[in-house]
Amino acid sequence: MTDKHTKKRKNAYTKDIFREIRKSLSRFLSIFLIVALGTGFFAGIKSTMPDMKESAADFFEENHLMDIKLMSSVGIQYEDLQAIEDMDGIEGIMASYSCDVYYNYEGQNQVVKAMSYDLDSDSDSDSFLNRPILVEGRMPEKSGECVVEVTMKTPASYEIGNTLTLSSPSKDTSITDIFTTDTFEIVGIVASPLYIGFERDATTIGSGSVNSFIIIPEDDFNLSFYTELYIKLSETDGMEPFSDEYTEAVDRWCDKLTETFKGVIAARVDKKLETTQNSINSMEKKLSQLENMQKLDIVGLYDFCEALQAEITELESKDGTLHSIELSQKQALLKQAQALVLSREAGETAADDELSETIEKARLEIESAKEQMSLVSEQAVYGFTRFSSSDYASYAGDSEKIDAIAKVFPVFFIFIAALVCLTTMTRMVDEKRIEIGTYKALGYSSLKIISKYLIYSTIPTAFGSLFGVSIGFKVFPYIIYNSYKILYNIPSIDTPFRVGYAVGCTVCALFCVWITVIAACKLSLSSQPSELMRPKAVPPGKRVLLEKVTFVWKRLGFLSKVTIRNLLRYKKRFAMTLVGIAGCTALIMTAFGIKNSISKVADLQFEGVFGYDALAVINLEEVYDDADAEKVLSEFEDVSQYILMSCGEVEVTASGNTQPASLMVPKNPDELDPFIRLRDCKTGEKLDISDGEAVITEKITQLLGVSVGDTITVQCKDKPDVTLKIAAISENYAMHFVFITDNTYRSIYGDSPVYNQSYLILKENTDKTELSSSLIEKDEFLGIAFLEDKAESFFSSIESLNSIVWLLIVCAALLAFIVLYNLANINITERVREIATLKVLGFYDGETSAYIYRENILTTVLGIVLGWGAGLVLHRFVVLTAEVDLVMFSREMVWYAYVLSALLTVVFAVIVNLVLHIKLKKIDMVESLKSIE
Amino acid sequence: MSFVSFENVGKHYKMGEVTITASDSVSFEIEKGEFAVIVGESGAGKTTVLNMLGGMDVCDEGRITVDGEVISDYNAKRLTSYRRYDIGFVFQFYNLVNNLTALENVELSTQISNDPMSAEEVLCKVGLEDRMNNFPSQLSGGEQQRVSIARALAKKPKLLLCDEPTGALDYNTGKTILRLLQDTCRKDGMTVIVITHNQAITPMADRIIRLKNSRVESVTVNENPTDVSLIEW
């Protein structure tokens, strides 16, 4: 065969296929769309995790995020930095200052973490780490300028052009001891790679947590030592920042560096201790000389002066430079002795007084030097990695959760896509049976015949898959990430086209479709050509089980009868539609269900569990007696009820799992109820805290795997570990709490709890601003936080979930459209004759449509019911997978999710049926007169 | 006035530039209770006449009246009602709904008519009392055509329109079907119009309308119709 010949044949072949496509556009589109939807959904969700991780990795890389942070209790000096810098494997190292200070905003002291920024930073330097990302404005250029971050909880006054006035958190130090100035003009808004989430560092001042950071020029710090040492390793270059490889490397390095750092600090401290000890020694020597001198009478003094003079002369005769210090000390002493002599001879006491003052001063000096030494000698060093930030760790965890969700959906979509392809291709092969028979009769091989259908199906599948993944890659990560933006502030997500996934999806889709094509062709190909050229024997009508129930069956019209028989006759189609509709309903139900489950947390927690209106933080530096704080509170008219609470952060351990929680000790456990309502998580009964036992919140018991009667170990910083028995588990949705009585606290820790918070119930119409500013004026209180504000910010963050709801609804709609349209289309083409006959028999348009609709309606109804079941399962799965440790979503399905999912499914079905109605109207009655093909 | 009348009925189809005339001033009349046969070669315009008479298509010119009603003036909705209540249609390929039994196929028609006969009764009448609960696929061609006739008769139509009723049947079966149609006409006084290309069956008709090239070639009234059993083809 010549090349030319082959080419010609190929052309005819492709022409045939393209004509086939043009002739059967709706069939072509069915396959194209279902494949696009399936692959798009899968590829989109699947690529979200790598997109999120890679975007974060790029973000860290670009902004030179540190690998390890070192801190010490004695600060960091430049020589420490040099010592670490000399080690192998250090790519960059940067020392910086930071200090937590107050910024008074609307009467509340916000804790602000001021961080230093080297104005001469060289962007080419590997040692310029944790580079701030400028969002707006510019970086500081001179003293007195700052840049701030803007998040949901930062004060509204954080705007370029405004000036921040900072104040010292401690009464003993002034703000100008820390900074060279107390006012900073905001010149820009930045983000920092150090904080990818909304968690800011803990602090020892104010409310206990930092509100936001600000960045000021390094030279504006007055501190005598650096506070942090940031290190970037060369080994971690190119490692994925959330990988095990990276974790292992930084952990190893962190241990190594901390050890080295400890040595460096110890050496420096030792050196310092030595000099301090030396100076103490000399001071003590001087002191004893002075004390001796004080005791001498006038004669003794003369002798003392003479002896000194002699020593001085001797020293002077030696090499002067070596003993100059000793010499000058002796000369000073001589001077003092001489002055004492003169003064006493004159009968005055001035010199004596001066001497005793000097002695006293020297004593104090020695004491403070000794104290300093004892402090310094207890130096501690700390090493941190990026994983020390819980946001960093949970970012990887959250993206992996999406990946887990990505594992369920594809199963479903592949199933439905395969069903759609199977029914569509079966129909196509049925329509072409005469053609297939003719080819067979002409002696074409089965492979040759089947290849036409394989090629035909390959085109929409391949294009559908590419189209689907291209859209999926863009849309899904973007929308999912945007709703995660309430938790993370990595500025943007890259959504690259992932060739590997695209090829994988396409190959899988093609495989699926080819298998269905082969399955569809198999029957036709195994038949004899003569058999194929005769019209296909119509599947015989069959009696269905329902007919046995004669009293029901008799009542059914022929429309119902034919509907039921048809549904059961075409089981594949019925299954396809049922699964499609059920999937549509389940998706919508899940979407609404998830939204409700998450938003309900706010209601349940802020209105159900929490009954208080505000939380005031007690200033423990001012309040030594609980009664003081209570007295202040009772003076406020707006405060109708209050309770003091000791709230401390603890780690709770049981069966090898550890979770953070708050240990809550109400001052009067019996009065806790209106403030925090403890209810049994199963029965809803009111719970009392009894002595010796703990009431613990629901989610942490699930995480720890404990139940009533088990014991938990509570670790509190600076306190011994204690074990508590769980008396009851209380309903709670956000954060974890362990409640005990004050008696229990005393018996386990041996001292009384320190009440650091007060929960308030306010009168209605309380002016919040006024209350907070007058409360903050009292020394006894540091600040006040209103529950309403907290709940509000929670609600606003839930708004962003809407985009996910929409995404799921659009996918569900597409699914319903494709499946229903496909079914109806096959139904119509297959039953044109029947429909035309009905028209000839005098069926009105509405009746004719209803004849076909019945099947759609019945399948839709059954599909919805099935979808509710599937939706419940899917919703539960997604809720459990997406839940973060600190929060418990409501697992209940809300009633309106049932209604809306059914309603929307019906709407989609109605739209498809309307389109069909038009199609049905166009069927010509003459079709009924034609011979059977 | 005759029961059925066509007066200069014309029908033209536009196929791009060319206009094809399917009916060219066709005129004929059929009396009530007559057994009429419209006969012609393929392409003579039989189907067009059938379509217009059966209310499946409208004419472009002329007037069609059935039982005093001018159906050529009807709109689509009224034409549907006309088909529903006045016309019994018998198809060449029976056009039964495969998923319904014989009885249910007849009910398909009775459930939408005003004053139908009982479906069982009609089926007995066409001789299918034992096959009522069988599906079309379990019936022979002749039996299926009987169901089709029963379906048409059950609604008590004014006209029974039969499109090549024997076309898909063998000789003997075809004859029994024709006998059934003739009996229906003679015994019940039903007006039966059979459209066929088969010249052989014309002797059994009361009136023979011959079509050729979209026109009426001749209308013959047969005073002494032959009994079906005597016809051979």
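**Q** Give a detailed account of the pattern of salt bridges, specifying residues and quantitative values.
**A** Residue and element names in this part refer to chain A. If you walk through the whole model with that rule in mind, you get 42 salt bridges over all chains. Glu693 is paired through a salt bridge with Lys725; the nearest N and O atoms lie 3.3 Å apart. With a gap of 32 residues between them, Glu693 in strand 15 (residues 693-697) and Lys725 in strand 17 (residues 722-730) connect regions that are remote in the sequence. Residue class for Glu693 comes out partly exposed when judged on its relative accessible area of 23%. A network of salt bridges, in which partner residues are shared, links Asp67, Lys232, Asp237 and Arg386.

**Q** Could you give an account of the packing of aromatic side chains, with specific residues and numbers?
**A** Residue and element names in this part refer to chain A. Counted according to the given criterion, the structure contains 30 aromatic pairs over all chains. Taking the centre distance of 5.3 Å and the plane angle of 20° together, the rings of Tyr195 and Phe213 count as stacked. Note that Tyr195 is positioned in the loop between strand 8 (183-191) and strand 9 (212-217) and Phe213 in strand 9, a separation of 18 residues in sequence. Summarising the burial analysis for this pair, Tyr195 and Phe213 share the class buried.

**Q** Describe the sheet that holds strand 5 (residues 69-70) of chain B, with residues and values.
**A** By way of backbone hydrogen bonds, the strands of a sheet pair with one another, either parallel or antiparallel. Residues and elements named next belong to chain B. Spatial ordering of the open sheet is given by 2-1-4-5, a layout of four strands whose pairing is antiparallel. The sheet is open, and its two edges are formed by strand 2 (18-30) and strand 5, each paired on a single side. Two strands pair when backbone bridges link them, and strand 1 (residues 4-15) and strand 2 are joined in this way by nine bridges, in the antiparallel orientation. In the strand pairing of strand 2, Ser5 is matched with Glu29. This element, helix 1 (residues 46-53), spans strand 1, strand 2 and strand 4 (61-66) of the sheet and lies at about 115° to strand 1.

**Q** Kindly report on the sheet that holds strand 10 (residues 215-221) of chain B, identifying the contributing residues and their values.
**A** Residue and element names in this part refer to chain B. An order of 6-7-8-3-9-10 is seen for the six strands of this open sheet, with the pairing classed as mixed. Pairing within the sheet leaves two strands with one partner each, and these edge strands are strand 6 (87-90) and strand 10. Neighbour to neighbour, the strand axes of the sheet diverge by 15° on average, direction disregarded. Here strand 6 pairs with strand 7 (residues 159-163) via four bridges, running parallel. Bridged to Phe89 within strand 7 is Leu161. Contacts from helix 6 (residues 171-188) reach strand 3 (35-39), strand 7 and strand 8 (191-196), with the element oriented near 135° to strand 3.

**Q** Which residues make up the packing of helix 12 (residues 446-484) of chain A against helix 23 (residues 802-830) of chain A, and what values go with them?
**A** Residues and elements named next belong to chain A. Closest axis-to-axis distance for the helix 12/helix 23 pair is 9 Å, and the angle between their directions is 150°. Comparing their axes, helix 23 and helix 12 come out roughly antiparallel. Of the residues in helix 23, those touching helix 12 at Val475, Phe476, Ile479, Ile480 and Ser483 are Ser803, Ile804, Leu807 and Cys811. In terms of residue class, the contact of helix 12 with helix 23 is made up of seven nonpolar, two polar and no charged.

**Q** Got a sec to walk through the interface of chain B and chain A? Specific residues and values, please.
**A** Accessible area lost upon the coming together of the parts serves often as the stated size of an interface. Counting from both sides, the interface comprises 30 residues of chain B and, opposite them, 32 residues of chain A. Carbon and sulfur atoms supply 60% of the area that chain B and chain A bury against each other, a total of about 2800 Å² over both sides. Run the count over chain B and chain A and you get two salt bridges. Counting the contacts that link chain B with chain A gives eight residue pairs in polar contact (both at pLDDT 80 or more). When contributions to the side of chain B that touches chain A are tallied by element, the ones reaching two or more residues are helix 1, helix 2 (76-85) and helix 3 (102-110) of chain B. Here the residues of the side of chain B that touches chain A are counted per class, giving eleven nonpolar, eleven polar and eight charged.

**Q** Can you lay out the side chain of Thr181 of chain A for me, pointing to particular residues and giving the numbers?
**A** All names here are of chain A. Position of Thr181 among the secondary structure elements: in the loop between helix 4 (175-178) and strand 8. Residue classification places Thr181 among the buried residues on the basis of a relative accessible area of 18%. Discounting chain neighbours no more than four positions away, the residues touching Thr181 are Gly144 and Asp220.

**Q** Pulling in residues and values, what's your account of a positive patch on the surface?
**A** Taken together, the side chains of Lys15, Arg19, Arg22 and Lys23 of chain A present a region of like positive charge at the surface. Inspection of the secondary structure puts Arg19 of chain A in helix 1 (residues 3-23).

**Q** Describe in detail the environment of Phe32 of chain A, supporting the description with residues and values.
**A** All names here are of chain A. When you line up the elements, Phe32 lands in helix 2 (residues 25-62). Taking C-alpha positions, Phe32 is 8.8 Å from Phe467, a pair spaced 435 residues apart along the chain. Beyond its immediate stretch of four places on either side in the chain, Phe32 contacts Pro460, Phe463, Gly464 and Phe467.

**Q** Give me the pairing of strand 8 of chain A: which residues, what numbers.
**A** Residue and element names in this part refer to chain A. In terms of residue burial, strand 8 counts as a mostly covered element, since seven of its nine residues are buried. Both strand 5 (residues 133-137) and strand 8 contribute to a ladder of four bridges, which runs antiparallel. Across the sheet, the residue bridging to Ile133 is Ala191, located in strand 8. Bridge analysis of strand 6 (residues 145-148) against strand 8 gives four bridges, and the strand direction is parallel. When the sheet's bridge partners are listed, Val147 is paired in strand 8 with Gly188. Bridge count between strand 7 (residues 163-167) and strand 8: three bridges; the pairing is antiparallel. Counterpart to Thr163 in the pairing with strand 8 is Glu185.

**Q** Before we move on, could you go through the nonpolar core and cite the residues and values that matter?
**A** In this structure, Ile84, Phe179, Leu257 and Ile676 of chain A are the most contacted members of the largest nonpolar core, which totals 205 residues. With 15 residues, helix 5 (residues 244-295) of chain A is the single largest residue contributor to this core. Not counting the four nearest positions on each side in its chain, Ile676 of chain A is found in contact with Val609, Phe610, Gly611, Tyr612, Met645, Met664, Phe739 and Tyr759 of chain A. Within the second largest apolar cluster, 40 residues are counted, among which are Met117, Val122, Leu180 and Ile201 of chain B.

**Q** Just give me the short version of a nonpolar patch on the surface, but keep the residues and values in it.
**A** Residue and element names in this part refer to chain A. A cluster of nonpolar residues, Leu466, Phe497, Val499, Val503, Val507, Phe511, Trp514, Ile515 and Ile518, forms a patch on the protein surface that exposes about 820 Å² of accessible area. Here the element with the most residues in the nonpolar patch is helix 13 (residues 499-526); it accounts for seven residues. Within the secondary structure layout, Trp514 lies in helix 13. Given the relative accessible area of 30%, Trp514 is considered partly exposed.

**Q** Quick one: what's the story with helix 6 of chain B, residue by residue and with numbers?
**A** All names here are of chain B. Over its 18 residues, helix 6 runs 25 Å from end to end, which matches the ideal 26 Å to within 8%, given 1.5 Å per residue. Considered for burial, the residues of helix 6 that qualify are Thr173, Gly174, Lys175, Ile177, Leu178, Leu180, Leu181, Gln182, Thr184 and Cys185. The N-terminus of helix 6 is capped by Asp170, whose side-chain oxygen sits 3.2 Å from the backbone nitrogen of Asn172. Positive phi shows up at Gly189, right after helix 6, with a value of about 70°.

What counts, and where the lines are drawn
- Residues numbered from 1 in each chain as written.
- Chains lettered and ligands numbered in written order.
- Predicted model: local features only at pLDDT ≥ 70, side-chain atom pairs only at ≥ 80, totals over all residues.
- Heavy atoms only, no water.
- Salt bridge = Lys/Arg side-chain N within 4 Å of Asp/Glu carboxyl O.
- Helix = DSSP H or I, 4+ residues; strand = E, 2+ residues; numbered from the N terminus.
- Buried < 20%, exposed > 50% of the residue type's maximum accessible area, 1.4 Å probe, protein only.
- Phe/Tyr/Trp six-rings, centres within 6.5 Å; stacked < 30°, edge-to-face > 60°.
- Pairing = 2+ DSSP bridges.
- Contact = heavy atoms within 4.5 Å.
- Axes fitted to C-alpha atoms, helices over the stretch in contact; angles between N-to-C directions.
- Parallel < 35°, antiparallel > 145°, perpendicular 65-115°, else oblique.
- Nonpolar A, V, L, I, M, F, W, Y, C, P; charged D, E, K, R; others polar.
- Buried area = accessible area lost by both parts, 1.4 Å probe.
- Polar contact = N/O pair within 3.5 Å; in protein donor to acceptor, adjacent residues only side chain to side chain.
- Patch = residues over 30% accessible without salt bridge, like charges linked within 9 Å, V, L, I, M, F, W, Y side chains within 5 Å.
- Areas by Shrake-Rupley, 256 points an atom, 1.4 Å probe, with all protein chains shown as cover.
- Lys, Arg positive; Asp, Glu negative; His and termini not counted.
- Charge placed at Lys NZ, Arg CZ, Asp CG, Glu CD.
- Core = buried A, V, L, I, M, F, W, Y, C linked by side-chain atoms within 4.5 Å.
- Expected span 1.5 Å × (residues − 1).

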